[in-house]
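As a plain string of letters, each chain reads:
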Amino acid sequence: MSDERLTPRSMLITGASSGFGLLAARLALARGWRVAAAARRPIPLDPSADLLPLGLDVTDGAAVSRAVQEVIEIFGTLDAVVNNAGMANFGTAEEVPMEALRREIETNFFGAVAVTRAVLPHMRARHSGHLVFVSSDWGRTGIPGFSGYCASKHALEGWAESLYHEVRPFGIGVILIEPGAFDTGFTSAPAAAALDPSSPYAALYHAIGQGFDEEGQTPTGEPVAEAILRAASGEDPRLRVAVGADAMEWSSARFKDSEQEFIRTLARKYGWDQPGAGSRELKNRSTNL
Ligand SMILES: NC(=O)c1ccc[n+]([C@@H]2O[C@H](COP(=O)([O-])OP(=O)(O)OC[C@H]3O[C@@H](n4cnc5c(N)ncnc54)[C@H](OP(=O)(O)O)[C@@H]3O)[C@@H](O)[C@H]2O)c1
């Protein structure tokens, strides 16, 4: 066996303090990877020789470059990067404050771009590596109340698909994971207007909240962690990997049906096409994606 095969593989995961990122970090450690787990909050994992916890805000470009260099120095190599850090606002395209929208795009899109660009020279030089992007089934669909989130994930999808072609000749794989709804505790920050009964969109906010509340129990995130690990290990040759029954259904409907049919079906299913029903005061709620 070559020395290379004896060396444990190493992975950097952003957004590893909770949800999919934490589950993926745990799974990777259990499977013998060395894991650099990055987030702003502390990483709730037991210290071990294979774990490198990193305090990192992905919107801080200089900190991203430093963190990637540190991981490469300490681990010697970086075989996979999982761009998972993300957040969401809740509010219509007109009402979400620009600053909140910029923060969302900075985190979900530019954060992943910065991490990826920092690691690419290393992966190109080694002629190997896997870049995994945790997108969403909303990365190919526009959802009312979540235009900024959808925009950030659409941007990620387009950027990663272009990257796929650019880095394939260097032996680097690019994979987009598109989860449906999973119960990770992921919540959206409601804009003030989304809680204001006098908003012209009050009835729509209500309909959106109700539509998702009626969805029922969402599964826990283990299948997404499993899909991340397969992608990071080079075991999944697809560019896009939909995870979860809802994501698979949306993904196939999106391409099987005509676009108008798909859009109308969604609006009917979630009640977005009948927003006149009730503009009663909205509770101070966070919508679980
Ligand atoms: N849950 C779902 O149903 C669902 C569906 C589709 C896609 N997704 C995507 O899955 C990814 C993970 O979300 P999750 O569901 O696991 O929710 P989560 O538990 O809220 O995880 C989000 C992670 O992102 C990190 N994060 C947020 N802003 C950051 C920043 N500026 N710098 C560094 N880290 C940051 C958070 O850590 P800190 O706050 O400690 O920094 C946290 O660890 C996100 O990209 C989300 O869009 C989720």
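Described below are features of the structure shown in this document. (Residues numbered from 1 in each chain as written. Predicted model: local features only at pLDDT ≥ 70, side-chain atom pairs only at ≥ 80, totals over all residues. Heavy atoms only, no water.)

### Description of the packing of helix α8 (residues 245-256) against helix α9 (residues 259-270)
Logical step 1: α9 packs onto α8 with a crossing angle of 140° between their chain directions and a minimal axis gap of 8 Å. Between α8 and α9, the residues in contact are Glu249, Trp250, Ala253 and Arg254 and Glu259, Phe262, Leu266, Lys269 and Tyr270, respectively.
Logical step 2: In terms of residue class, the contact of α8 with α9 is built from five nonpolar, no polar and four charged. (Axes fitted to C-alpha atoms, helices over the stretch in contact; angles between N-to-C directions. Helix = DSSP H or I, 4+ residues; strand = E, 2+ residues; numbered from the N terminus. Contact = heavy atoms within 4.5 Å. Nonpolar A, V, L, I, M, F, W, Y, C, P; charged D, E, K, R; others polar.)

### Focus: the sheet that holds strand β3 (residues 51-55)
Each strand in a sheet pairs with another by means of backbone hydrogen bonds, the pair being arranged parallel or else antiparallel.
Logical step 1: Spatially, β3-β2-β1-β4-β6-β7-β9 is the arrangement adopted by the seven strands of the open sheet, whose pairing is parallel. If you trace the sheet from one side to the other, it starts and ends with β3 and β9 (240-243), each paired once. With strand direction ignored, the average angle separating the axes of adjacent strands in the sheet is 15°.
Logical step 2: Bridge analysis of strand β6 (residues 129-134) against strand β7 (residues 172-179) gives six bridges, and the strand direction is parallel. The residue of β7 that forms the bridge with histidine 130 is glycine 173. (Pairing = 2+ DSSP bridges.)

### Description of the packing of aromatic side chains
Logical step 1: This structure, assessed with the given rule, holds 12 aromatic pairs.
Logical step 2: Consider the rings of tryptophan 250 and tyrosine 270, whose centres lie 6.2 Å apart with planes at 70°: the pair is edge-to-face. Of this pair, tryptophan 250 sits in helix α8 while tyrosine 270 sits in helix α9, and the two are 20 residues apart along the sequence. For the pair tryptophan 250 and tyrosine 270, a shared accessibility class is recorded, and that class is buried.
Logical step 3: Taken together, the ring pairs connect Phe90, Trp138, Phe146, Tyr149, Phe186, Tyr201 and Tyr205 into an aromatic cluster.
Logical step 4: Over the aromatic face of phenylalanine 170 sits the side chain of arginine 124, whose NZ or CZ is 5.7 Å from the ring centroid. (Phe/Tyr/Trp six-rings, centres within 6.5 Å; stacked < 30°, edge-to-face > 60°. Buried < 20%, exposed > 50% of the residue type's maximum accessible area, 1.4 Å probe, protein only. Lys NZ or Arg CZ within 6 Å of the ring centre and 35° of its normal.)

### Details of unusual backbone geometry
Logical step 1: If you check the backbone angles, histidine 127 has positive phi at about 55° while not being a glycine.
Logical step 2: The topology assignment puts histidine 127 in the loop between α4 (98-126) and β6.

### Looking at the pattern of salt bridges
Logical step 1: The tally for this structure, following the rule as stated, stands at seven salt bridges.
Logical step 2: With a shortest N-O distance of 2.7 Å, arginine 140 and glutamate 178 are connected by a salt bridge. You can see arginine 140 sitting in the loop between β6 and α5 (147-167) and its partner glutamate 178 sitting in strand β7, a full 38 residues away along the chain.
Logical step 3: Given a relative accessible area of 2%, glutamate 178 falls into the buried group.
Logical step 4: In this structure, a network of salt bridges that share partners links the residues Arg140, Glu157, Glu161, Glu178 and Arg240. (Salt bridge = Lys/Arg side-chain N within 4 Å of Asp/Glu carboxyl O.)

### Some points on α9
Logical step 1: Between its terminal C-alpha atoms α9 stretches 17 Å, which fits the 16 Å expected from 12 residues at 1.5 Å a residue.
Logical step 2: Turning to α9, its buried residues are Phe262, Leu266, Ala267 and Tyr270. Projected down its long axis, α9 shows its buried positions confined to an angular sector of 130°, all on one face.
Logical step 3: Of the surrounding elements, those touching the buried residues of α9 are α6 (202-213) and α8.
Logical step 4: Phi turns positive one or two residues past the end of α9, at glycine 271, with a value near 80°. (Expected span 1.5 Å × (residues − 1). Arc of directions from axis to C-beta.)

### A closer look at the pairing of strand β1 (residues 10-14)
Logical step 1: Within β1, five of the five residues are buried, leaving the element largely enclosed by the surrounding structure.
Logical step 2: Here β1 shows no split at all, with Ser10, Leu12 and Thr14 on one side and Met11 and Ile13 on the other all buried.
Logical step 3: Across five bridges, β1 lies against strand β2 (residues 34-39) in parallel orientation. Bridge pairing in β2 places serine 10 opposite arginine 34.
Logical step 4: Crossover handedness for the path β1 to helix α2 (residues 19-30) to β2: right-handed.
Logical step 5: Taken together, the three bridges between β1 and strand β4 (residues 80-83) define a ladder with parallel strand orientation. The partner of methionine 11 across the bridge, within β4, is alanine 80. (Right-handed = clockwise from strand over helix to strand, strands pointing away.)

### Topic: helix α7 (residues 222-232)
Logical step 1: All buried positions along α7 are accounted for by Val224, Ala225, Ala227, Ile228, Leu229, Ala231 and Ala232.
Logical step 2: Lining the buried residues of α7 we find β1, α2, β4, β6, β7 and β9.
Logical step 3: Backbone geometry just downstream of α7 places glycine 234 in the positive-phi region, at approximately 80°.

### Quick word on the layout of surface pockets
In this approach, a probe sized like a water molecule rolls over the atoms, and the result shows the empty space that is left.
Logical step 1: Within this model, the largest pocket holds a volume of roughly 1100 Å³.
Logical step 2: If you trace the largest pocket, you find 48 residues lining it, with Gly86, Met87, Thr184, Phe186 and Thr187 closest to the centre.
Logical step 3: Listing elements by their share of the lining of the largest pocket, those giving two or more residues are α2, α4, α5, α6 and α8.
Logical step 4: Among the elements that line the lining of the largest pocket, the one with the most residues is α2, at three residues.
Logical step 5: In terms of residue class, the lining of the largest pocket is made up of 18 nonpolar, 20 polar and 10 charged. (1 Å grid on protein atoms, 1.4 Å probe; cavity = no way out; pocket = protein on both sides within 12 Å on 5 of 7 lines; lining within 4 Å. Points joined across faces, edges and corners; volume = space filled by probe spheres on them.)

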